[in-house]
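# Close look at the chain arrangement
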Amino acid sequence: MILQAPMQAATSGKTLQILIGGDLTTQIVLGITAIFSLASWVIIFWKLGQFRRLRREGARFLQVVERTQRIEEAAKAAMRLPESPYSRLLRRGYAFLSDLSGGESAGGSPLAVTLTDVQLHALKLTLDQTVDEERDAMAGGLVWLAIIAVVSPLLGLLGTVIGVMDAFLGITATGTSNIASVAPGIAEALVTTVGGLVAAIPAVIAYNYFASRLGEFAGELDGFSTDFLAALAREGRL
């Protein structure tokens, strides 16, 4: 135990020396993986903020809409809310109904429209398109997390392979094969693998988490789209 702290300090110092004094290949690979790591954390915090805001918007939207009795009332209430995927979906469906009936009257009376089968199919397509657009908008940045998660370990492995090759070429050139001459080169080569994993692991975890949240979000929009059509049926418009 007494010797453990000095040994750990010496090991940390040697690791730092490897990072600072590595060859050009090691420095390039570590630099790229560091950029990847920074980019992934920027995307992670950005997406966390997006989904946190989306949760607040969804809760507020449902709280307002659940107080209404008819689609017209829900649409007017949504228009007073800040822009969100939920309000845009409702407005898109309401705009479709408004166009079919020639627009709402100046007195604000309910839209007098009964949908035919063709019009109902067109409305479903409109709502589905809106859901797809909102899902695609929320998916922004996830592709880069996937790229970082896949490329970073491979890049680190590439640096390790090149480093090991250089170490063995050095052994061949010097003619010495003892562990003391091989170990520094191998250790330096393995640093790039560590750097790749450090960049990749948070990206993998974040990608799977956000992909799950995105699926939940798309499911919520699909559910609201179904509720919109059900409301039309209750009001005798189908």
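Residue numbers run consecutively from 1 along every chain, following the written order of its sequence. The predicted nature of this model means local features are confined to residues of pLDDT at least 70 and side-chain atom pairs, given and counted, to a pLDDT of 80 or more, with totals for whole chains, interfaces and linings taken over all residues. The side-chain quantities take in all heavy atoms of the structure and omit both hydrogens and water.

## Describing the confidence of the model for the chain
For every residue, the pLDDT score states the predictor's confidence, bounded by 0 at the bottom and 100 at the top. Looking at the chain as a whole, the pLDDT averages 81, with 79% of positions reaching at least 70. The low-confidence segment residues 105-109, where pLDDT is below 50, has two contacts with residues more than four positions distant or belonging to other chains. Contact definition: two residues touch when any of their heavy atoms are within 4.5 Å.

## Some remarks on the pattern of salt bridges
We define a salt bridge as a contact between a side-chain nitrogen of Lys or Arg and a carboxyl oxygen of Asp or Glu at a distance within 4 Å. Counted according to the given criterion, the structure contains six salt bridges. Of the charged contacts, one joins E134 and R88 as a salt bridge, the two residues approaching to 2.7 Å between their closest N and O atoms. You can see E134 sitting in helix α5 (residues 117-138) and its partner R88 sitting in helix α4 (residues 85-100), a full 46 residues away along the chain. Relative accessible area decides the class of each residue, using a 1.4 Å probe on protein chains only: under 20% of the type maximum gives buried, over 50% gives exposed, and in between gives partly exposed. Judged by relative accessible area, which is 32%, R88 ranks as partly exposed. With a shortest N-O distance of 3.2 Å, D132 and R135 are connected by a salt bridge. Separated by three residues within a single helix, D132 and R135 lie in helix α5, roughly one turn from each other. Residues joined by salt bridges that share partners form a network here, namely E83, R88, R91 and E134. Per the convention used, a helix needs a DSSP run of H or I reaching at least four residues, while a strand needs a run of E reaching at least two, with both numbered from the N terminus.

## Examining α5
Expected helix span is given by 1.5 Å per residue-to-residue step, counting one fewer step than there are residues. Taking 1.5 Å of rise per residue, 22 residues should cover 32 Å, and α5 covers 32 Å from first to last C-alpha, within 8% of that figure. For α5, the complete set of buried residues consists of L120, L123, T126, L127, T130, V131, E134 and M138. Across the axial projection of α5, the buried residues extend over an arc of 130°, all falling on one side. Projecting away from the buried face of α5 at angles above 90 degrees are the exposed residues D117 and V118. The reported arc concerns the directions from the helix axis to the C-beta atoms and nothing else.

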